[in-house]
Amino acid sequence: QVQLVESGGGLVQAGGSLRLSCAASGRAISSYAMAWFRQAPGKEREFVAAISWTGDNIYYSDSVQGRFTLSRDNAKNTMYLEMNSLKPEDTAVYYCAASRGRVPSASAAIYDYWGQGTQVTVSS
């Protein structure tokens, strides 16, 4: 069983930056694909970014491409999401997810474990 805990969320002005972390415990996630999703009030959960188990393959949604950077440190059992040039439309609860499969996907269905989420609020 894997437990995921997100941290780093908060309130930031438009144009600012935040760094989210997703710390895993219970077992090593070095062979797991991982991802970030987000859910804004009244909207469905949407894909943000995903990374393969090696970190060699990273995918971003069009809405965050060029502004967000996803990385992982398998030695620390942690994944990071560096968010720059934040916009009010980035406001959401951000969730990290892990899949026992090694291939990442934008589909939430493949992920086996989820964190509780961390709130990101971007003011205009």
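Everything below is about the structure printed above this text.
Here the structure is a predicted model, which means the values were calculated and not measured.

Considerations on the state of the cysteines
Here's step 1: Tallied over the entire structure, the rule returns 1 disulfide.
Here's step 2: Between the sulfur atoms of C22 and its disulfide mate C96 the distance is 2.1 Å. Residues C22 and C96 are joined by a disulfide whose S-S torsion is about 60°; by sign, that bridge is right-handed. Taken as a pair, C22 in strand β3 (residues 18-25) and C96 in strand β9 (residues 92-99) lie far apart in primary sequence, 74 residues in all. Accessibility classification places C22 together with C96 in one group, the buried group.

A short note on the nonpolar core
Soluble globular proteins tend to pack their nonpolar side chains together in the buried interior.
Here's step 1: One finds L4, W36, L81, M83 and Y94 to be the most contacted residues of the largest nonpolar core, which totals 30 residues.
Here's step 2: Sorting the residues of this core by element identifies β3, β4 (33-39), β5 (46-51), β7 (68-73), β8 (78-83), β9 and β11 (118-123) as the ones contributing at least two each.
Here's step 3: Filtering out sequence-adjacent residues up to four positions away, Y94 remains in contact with E6, L20, W36, F37, R38, V48, F68, L81, M83, G117, T118 and V120.
Here's step 4: Counting 6 residues, the second-largest nonpolar core is a separate cluster that includes A35, F37, A97 and Y111.

As for the pattern of salt bridges
Here's step 1: Enumeration according to the criterion identifies 5 salt bridges in this entry.
Here's step 2: Of the charged contacts in the structure, one is a salt bridge between E46 and R38, with a shortest N-O distance of 2.5 Å.
Here's step 3: One salt bridge connects R100 with D112, and the closest N-O pair in it is separated by 3.4 Å. With R100 in the loop between β9 and β10 (113-114) and D112 in the loop between β9 and β10, this pair connects stretches of sequence that are 12 residues apart.

Some points on the sheet that holds strand β1 (residues 3-7)
Pairing between sheet strands relies on hydrogen bonds along the backbone, with the strands arranged either parallel or antiparallel.
Here's step 1: Spatially, β1-β3-β8-β7 is the arrangement adopted by the 4 strands of the open sheet, whose pairing is antiparallel. The strands lining the two open edges of the sheet, one partner per strand, are β1 and β7. With strand direction ignored, the average angle separating the axes of adjacent strands in the sheet is 15°.
Here's step 2: Bridge count between β3 and β8: 6 bridges; the pairing is antiparallel. The residue of β8 that forms the bridge with S21 is Y80.

Remarks on the environment of A98
Here's step 1: Note that A98 resides in strand β9.
Here's step 2: Along the sequence, A98 and Q39 sit 59 residues apart, while their C-alpha atoms lie 17 Å from each other.

Some remarks on unusual backbone geometry
Here's step 1: Here the phi dihedral of N77 falls at roughly 55°; this positive angle occurs in a residue that is not glycine.
Here's step 2: Relative to the helices and strands, N77 is located in the loop between β7 and β8.
Here's step 3: Classification of N77 as buried rests on a relative accessible area of 13%.
Here's step 4: Within the chain, S85 stands out as a residue other than glycine whose phi angle is a positive 50°.
Here's step 5: Inspection of the secondary structure puts S85 in the loop between β8 and β9.

Calculation notes
- Residues numbered from 1 in each chain as written.
- Predicted model: local features only at pLDDT ≥ 70, side-chain atom pairs only at ≥ 80, totals over all residues.
- Heavy atoms only, no water.
- Disulfide = S-S within 2.5 Å.
- Helix = DSSP H or I, 4+ residues; strand = E, 2+ residues; numbered from the N terminus.
- Buried < 20%, exposed > 50% of the residue type's maximum accessible area, 1.4 Å probe, protein only.
- Core = buried A, V, L, I, M, F, W, Y, C linked by side-chain atoms within 4.5 Å.
- Contact = heavy atoms within 4.5 Å.
- Salt bridge = Lys/Arg side-chain N within 4 Å of Asp/Glu carboxyl O.
- Pairing = 2+ DSSP bridges.
- Axes fitted to C-alpha atoms, helices over the stretch in contact; angles between N-to-C directions.

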